[in-house]
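So you can see what is in the structure, the chains are spelled out below.
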Amino acid sequence: MQPSMSSTSRILSPEEANLERCARHLEAGELVGVPTETVYGLAGDASREDAVRKIFTVKGRPLIDPLIVHVPSLEAARKYAALNPAAEALAARFWPGPLTLVLPKKAIIPDIVTAGLPSVAIRCPAHPVFRALLERLDFPVAAPSANPFSYISPTTAAHVDLHLGHKIAATLDGGECQHGVESTIVDLRTPETPAILRYGPISPESISETLGSPVRLPAKTNQRSAQAAPGTLEKHYSPRTRVTLLEHGSAHDRIFELLSGNQTALILNRRPDRDHPTGAVYWLSEDGNLAEQAKHLYSLLHRLDAMDFKEIFIEAAVDEGLGRSINDRLKRAAAK
């Protein structure tokens, strides 16, 4: 069942008065939808257990799935996490930006934020609207994606308002998200053996180059125990409509076959170069550009999930660069 289009929350333009209003909401322990360069976040005061608990309740998120703490600067990050030289090097190159670091936490961060683990996932976002809000606050902000748990992440304020608007104080409108997929997460709890916990806009190669050492790639985690970082559960980012993932390059010659059944849709990496059934074929980019594919993925899934399709076929991206991040999301979206 699709959610009602009505909502009691307001989408607020990012003017000074509204930034101040949202800051007051957060100071009062309320929740606000915020834009980031990756996806929209559900923001609450990370230093208050009651506010953090509201985030889990509103999302329907299990407590084993930790939250990312957002700060306006590297200096602020040092108040909440124990940074090591590797973290300092990565932050110097990639912050503000779509990089999250997992580090030993300081006592000011409640255990509920970190799934009870002694580490915290922390990042300094680049979106100017969110940064303007963070700079008005004297506390860190926990902000997982602003969607019901395991559902498609939101990349517009309208997505947030549609699904969670009736449960939160307001949503700041910062336009469509730049990247469209969540941040890269790097585990630096043991800096001698850095590891990618979640693929994102920043590649493992860029991380390795900055650190001057190899990094381990994502591995399967125990799905029933506390996770070191968000976005690592097997089923995630999923529309309500059934998703079937196709091998990269396999879909263009099978368009009519794939759409022979009723109420099916097909998402391709790029515009098809041959005739296709009108209205049932969609594409994420004109020419296969990976940044465009990532930016448009969630938005298109939101759109198709609101229609009457019974199944969505999606072609995997090329498995390199940003394509690994896209395919990671697609595999979790298609998990049964």
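Residues numbered from 1 in each chain as written. Predicted model: local features only at pLDDT ≥ 70, side-chain atom pairs only at ≥ 80, totals over all residues. Heavy atoms only, no water.

Turning to the nonpolar core, a few remarks are in order. In this structure, L99, L101, I122 and I207 are the most contacted members of the largest nonpolar core, which totals 45 residues. Mapped onto this core, the elements with two or more residues apiece are α2 (49-59), α3 (74-80), α4 (85-94), β5 (99-104), β6 (119-123) and α6 (157-164). The biggest single contributor to this core is α4, with five residues. Of all hydrophobic cores here, the second largest spans 25 residues; its members include L297, L304, A317 and L330. (Core = buried A, V, L, I, M, F, W, Y, C linked by side-chain atoms within 4.5 Å. Buried < 20%, exposed > 50% of the residue type's maximum accessible area, 1.4 Å probe, protein only. Helix = DSSP H or I, 4+ residues; strand = E, 2+ residues; numbered from the N terminus.)

As a further point, take the packing of aromatic side chains. According to the stated counting rule, one finds two aromatic pairs in the structure shown. Between Y237 and Y298 the ring centres are 6.0 Å apart and the planes differ by 25°, which places this aromatic pair in the stacked class. Here the residue Y237 occupies a position in the loop between α7 (204-211) and β11 (242-246), and Y298 occupies one in helix α9 (residues 290-305), the gap between them amounting to 61 residues. Classification of Y237 as buried rests on a relative accessible area of 2%. Residue Y298 is classed as buried on the basis of its relative accessible area, which comes to 1%. Judged by centre distance (6.4 Å) and plane angle (85°), the ring pair of Y282 and F309 falls under edge-to-face. Residue Y282 is found in strand β13 (residues 281-283), and its partner F309 is found in the loop between α9 and β14 (311-315); the two are separated by 27 residues along the sequence. Assessed through its relative accessible area of 9%, Y282 is described here as buried. Taking the ring centre of Y151 as reference, the NZ or CZ of R240 above it sits at 4.4 Å. (Phe/Tyr/Trp six-rings, centres within 6.5 Å; stacked < 30°, edge-to-face > 60°. Lys NZ or Arg CZ within 6 Å of the ring centre and 35° of its normal.)

Here we come to the packing of α4 against α7. One can describe the packing of α4 onto α7 by two numbers: an axis separation of 9 Å at closest approach and a directional angle of 120°. Between α4 and α7, the crossing angle belongs to the class labelled oblique. Both α4 and α7 take part in a crossing whose hand is right-handed. In this structure, α4 uses A86, A89, L90, R93 and F94 to contact α7, whose residues at the interface are S206, I207, E209, T210 and L211. In the contact of α4 with α7, the residues fall into six nonpolar, two polar and two charged. (Axes fitted to C-alpha atoms, helices over the stretch in contact; angles between N-to-C directions. Parallel < 35°, antiparallel > 145°, perpendicular 65-115°, else oblique. Left-handed = near helix turned anticlockwise from the far one by under 90°. Contact = heavy atoms within 4.5 Å. Nonpolar A, V, L, I, M, F, W, Y, C, P; charged D, E, K, R; others polar.)

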